[in-house]
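# A structural walkthrough
One letter stands for each residue in the lines below.
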Amino acid sequence: MYEKPRYHFILISQEINNPYWKLVLKGAEDAARNNNVAIEFRGPVESNLEQHIQLIEMAIASRVDGILTQGLEEAKFQPVIDKAIARGIPVITVDTDARTSKRLTYIGTNNYQAGYQAGKHMAEALHGQAKIGIITGSFEASNMIERLQGFQDAIRDEPGMQIVAIESSNISRIRAMEKTATLLNHHPEINALFGASALDGMAMAQVAFNRGRHDLYILAFDGLPETIDWMKKGVIAATVVQEPYQMGYHSVEQLIDAIQGKRLQPSYYTDIHILTADQLNRRGVGAKE
Ligand code: BGC
């Protein structure tokens, strides 16, 4: 028999068709189904802060029971998140925090730590010697700023590890390919690349592969299938794996808990780990191919 959903939640992400966000959505949908909650998924077609904020405004106006959103740029997201809270609509930040806002909690990666681990891993893998090109998903989003900060701090005491240039992909795969080409054309000394958001590493791999640049060390972010494929081919050396499904699942559960009056911790960090191509190939993942 059809049972009316208890609550209507909305998940608003930076980009609606991004495969990383499909995994967050899958987790949120599974938790919603298990708890008889309706979940709606919204986001700009291409990452755009203003449109994202407008979607939060619309969710407030339509009086949803709870909002899950990234808190992309602190100064711009804090007022709209606080407005929702003031109207009695619970908000949880997912994947990217807006720490200064009144959001009930944050669920996602400790992005500074993730960037730090990435930097340490690269320094170790390359014995402290690298000329590095970086592509970040955004110069404004707090998770990207924190990842870069962590990465820079991790290599601060390594005189041989040098960041040559940083470009932004606006989390677009095509833009990431263009920016990789720019980096490699303008800085022929670059021998290592770090892609800080989910589609950057695979775009770097595509460009490196097309150019026959087997000498490049590529460190990616996230474990999306295409990234894993490039690792099996030996083009991407390692990736920082996040838990997008868990982020989606737990954020729905925490929203329900919040509505039911349970106290939440200030933040819940989901796991991260570094997966290397060597580990993948040793484990024989995809050995069928
Ligand atoms: C980040 C997300 C971002 C996505 C873009 C992930 O690594 O955690 O914030 O939206 O990359 O593809």
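This text follows the structure it describes.
Structure report, in brief. Remember, it's a predicted structure, so these values are computed and weren't measured experimentally.

In terms of nonpolar packing, the biggest core is built from 51 residues, with Leu11 and Ile218 touching the most fellow members. The biggest single contributor to this core is helix α1 (residues 19-34), with seven residues. Counting 41 residues, the second-largest nonpolar core is a separate cluster that includes Leu55, Leu72, Val91 and Val240.

Take the sheet that holds strand β12 (residues 273-276) next. Spatial ordering of the open sheet is given by β7-β6-β8-β9-β10-β12, a layout of six strands whose pairing is mixed. Across the chains shown, the open sheet's two edge strands, defined by having one partner strand only, are β7 (161-168) and β12. Direction aside, the axes of adjacent strands within the sheet are offset by 20° on average. Sheet analysis places strand β8 (residues 192-195) next to strand β9 (residues 217-221), joined by three bridges and oriented parallel. The residue bridging Phe194 from the neighbouring strand is Leu219, located in β9.

By the definition in use, this model includes 15 salt bridges. Here Asp30 makes a salt bridge to Lys26, at a shortest N to O gap of 3.1 Å. One end of the pair, Asp30, and the other, Lys26, are both in helix α1, four residues apart, so they sit about a helical turn from each other. Assessed through its relative accessible area of 12%, Asp30 is described here as buried. Arg156 serves as the salt-bridge partner of Asp153, at 2.4 Å between the closest nitrogen and oxygen. Classification of Arg156 by relative accessible area gives exposed; the value is 55%.

So, about the pairing of strand β1 (residues 8-12). In terms of residue burial, β1 counts as a mostly covered element, since four of its five residues are buried. Alignment of β1 against strand β2 (residues 38-42), held across five bridges, turns out to be parallel. Across the sheet, Leu11 pairs through a bridge with Phe41, a residue of β2. Regarding topology, α1 serves as the crossover connection from β1 to the parallel β2, and that connection is right-handed. As defined by bridge partners, β1 adjoins strand β3 (residues 66-69) across four bridges and the pair is classed as parallel. If you follow Ile10 over to β3, its bridge partner there is Ile67.

With that settled, consider empty space enclosed by the protein. Inspection of every chain in the model, using the stated rule, returns one cavity of 30 Å³ or more. Estimated volume of the largest cavity: approximately 130 Å³. The wall of the largest cavity is formed by 15 residues, among which Gln14, Tyr20, Trp21, Ser197 and Ala198 lie closest to the centre. At the level of elements, α1 and α5 (142-155) are the ones that each hand at least two residues to the lining of the largest cavity. At three residues, the largest contribution of residues to the lining of the largest cavity is made by α5.

The rules behind each value
- Residues numbered from 1 in each chain as written.
- Predicted model: local features only at pLDDT ≥ 70, side-chain atom pairs only at ≥ 80, totals over all residues.
- Heavy atoms only, no water.
- Core = buried A, V, L, I, M, F, W, Y, C linked by side-chain atoms within 4.5 Å.
- Buried < 20%, exposed > 50% of the residue type's maximum accessible area, 1.4 Å probe, protein only.
- Helix = DSSP H or I, 4+ residues; strand = E, 2+ residues; numbered from the N terminus.
- Pairing = 2+ DSSP bridges.
- Axes fitted to C-alpha atoms, helices over the stretch in contact; angles between N-to-C directions.
- Salt bridge = Lys/Arg side-chain N within 4 Å of Asp/Glu carboxyl O.
- Right-handed = clockwise from strand over helix to strand, strands pointing away.
- 1 Å grid on protein atoms, 1.4 Å probe; cavity = no way out; pocket = protein on both sides within 12 Å on 5 of 7 lines; lining within 4 Å.
- Points joined across faces, edges and corners; volume = space filled by probe spheres on them.

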